[in-house]
Amino acid sequence: EPTQDARVSFCDYHPTIADLREEVLQGLSQSPKRLSPKLFYDRRGSQLFDAITELPEYYPTRTEIGILETHGEAMADRLGRENVLIELGSGSSLKIQTLLAALRPHVYVPVDISKDHLLASAHALAERFPGLMILAACADYSGPFKLPLEPGWSQLAAFFPGSSIGNFEPQEARGLLRRVAGVLGEGGRLLIGVDLRKDPSLLSAAYNDAQGVTAAFNLNLLTRINRELEADFDTSAFRHKAFFNAEVSRIEMHLESLCDQSVRIAGREIPFKQGETIHTECSYKYSIADFQALARDAGFEAEEVWTDSEQLFSVHCLRV
Ligand code: AVI
C-alpha cells in the first residue's frame, strides 16, 4: 500500500534482505547451529508474535501495558512533553498509544525491521493522533543504524518496549544501548521495558504455551528460509524447544531436528543429526540492579524504575 497520508513519511533503509543468505548459511555452519531472532519477523512471524502477546501464559505484554497505563504521566514528566519520540521495534505500536497520549510528542519515529507491519501501524496511528508527524523508518537497529532525524531536533526521547533488549547477548545489548545513547545525545532519555527474573515455571510456561503459538512462531523461521532462500526444510521434522537456563538467566529457544537429515539451502547441503538444535533465541531476564549496571556501562544514568505489584516486569527511565 503506497504512502498517501501526508502526516506519515517512510524511509526504507532496506534491512536484512541483502544479508539473509549469508546470515543463514553462516549461522548454520557454526557448531552449535544458530540463527538470529531478528529473522523471526517476516509478515507471518510478526502476526504470530502479536498472537503471542495475547496468550494467557505470556505475561510480559499485558504487564508492561499495565505499568505504562498506571505510570504514564510520571513517565511523561521524566521524558518531557512535545518532543521527538523514537520507538525501537515498534511492531504493531500498541504500547505507544498509551505513551503518545501522555507525551503528546510533535514527531514520532517508529523503527522496525518488518516493513508491512511498520506501515500498517503508522497509518493506524495517524488516524488516532491527528496532528502527529510520523516518520517511519524500516531499519535493523541490531547494528549501526540511521534515522530520519533533522539536525536541529534536540531533547530526543526513545522508547524500547517489550524487553526486546533481552533478545541480545549482554555484550551486544551494551553495544546497542551505547548506539542509542549516541543517537539521543547528552540529556536524551530512554524508556525501556525489561523482563525480570522470576519463578522458572512461570517463565517456561510463557515460552511453551498450550496453544502452540510460540512453537509456530519458532518454526515459521524455517518456512521463511524455505521461501526466501529456496530451501527445503521439512518443518514437521523439527520441533520447538524452550527452557530457562538459570546459570545465565535466560530463556533459550531452539529448533530440534527429529531425525538425521540434510537440508538444501541456497545451493548448499546442511546436515542435521537427530536431536541437534538450531539455537534461535535468547531472552535474558534481569534483576533491576543488574540491568541498571548494564545501562551504566553503556553510558546511561538510571533515573527511575517502575514495576507491577508482582515484580514481573520493569520499565526504566535512563538518561544520557
Ligand atoms: C520480542 N521478544 C522480547 C520476545 C521475548 O519474549 O523474548 C520474543 C518471543 N519469543 C518467544 N516468545 C516471545
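Residues numbered from 1 in each chain as written. Predicted model: local features only at pLDDT ≥ 70, side-chain atom pairs only at ≥ 80, totals over all residues. Heavy atoms only, no water.

*Asks:* Quick question: what am I supposed to make of the sheet that holds strand S13 (residues 301–307) here?
*Replies:* Note on sheets: strands pair through backbone hydrogen bonds, and any given pair is parallel or antiparallel. Pairing in this open sheet of 8 strands is mixed, and the strands run S1-S5-S4-S3-S6-S7-S14-S13 from one edge to the other. Each edge of the open sheet is held by one strand with a lone partner, namely strand S1 (8–12) and S13. Here the strands of the sheet are splayed against their neighbours by 20° on average, with no regard to which way each runs. As paired elements, strand S4 (residues 107–112) and strand S5 (residues 133–138) share 4 bridges and run parallel to each other. Note that in S5 the partner of Asp112 across the bridge is Cys138. (Pairing = 2+ DSSP bridges. Helix = DSSP H or I, 4+ residues; strand = E, 2+ residues; numbered from the N terminus. Axes fitted to C-alpha atoms, helices over the stretch in contact; angles between N-to-C directions.)

*Asks:* I would appreciate a short explanation of the pairing of strand S12 (residues 277–284) in the present structure.
*Replies:* Put simply, side chains in a regular strand alternate between the two faces of the sheet. For S12, the buried fraction is high: 8 of the 8 residues fall into the buried class. The pairing of strand S2 (residues 33–34) with S12 spans 2 bridges and is parallel. Its bridge partner lying in S12, Lys33 is registered against Ile278. Bridge analysis of strand S9 (residues 250–257) against S12 gives 7 bridges, and the strand direction is antiparallel. Residue pairing across strands places Ile251 opposite Ser283, the latter belonging to S12. (Buried < 20%, exposed > 50% of the residue type's maximum accessible area, 1.4 Å probe, protein only.)

*Asks:* How do you make sense of helix H1 (residues 20–28) when you look at a structure like this?
*Replies:* A turn of α-helix holds 3.6 residues, and therefore any two residues three or four places apart point the same way. Every buried residue belonging to H1 is among Leu20, Val24, Leu25, Gly27 and Leu28, and all of these are buried. Along the axis of H1, the buried residues cluster in a sector spanning 165°; they form a single face. Next to the buried residues of H1 lie S2, helix H8 (213–229), strand S10 (261–265), strand S11 (268–272) and S12. (Arc of directions from axis to C-beta. Contact = heavy atoms within 4.5 Å.)

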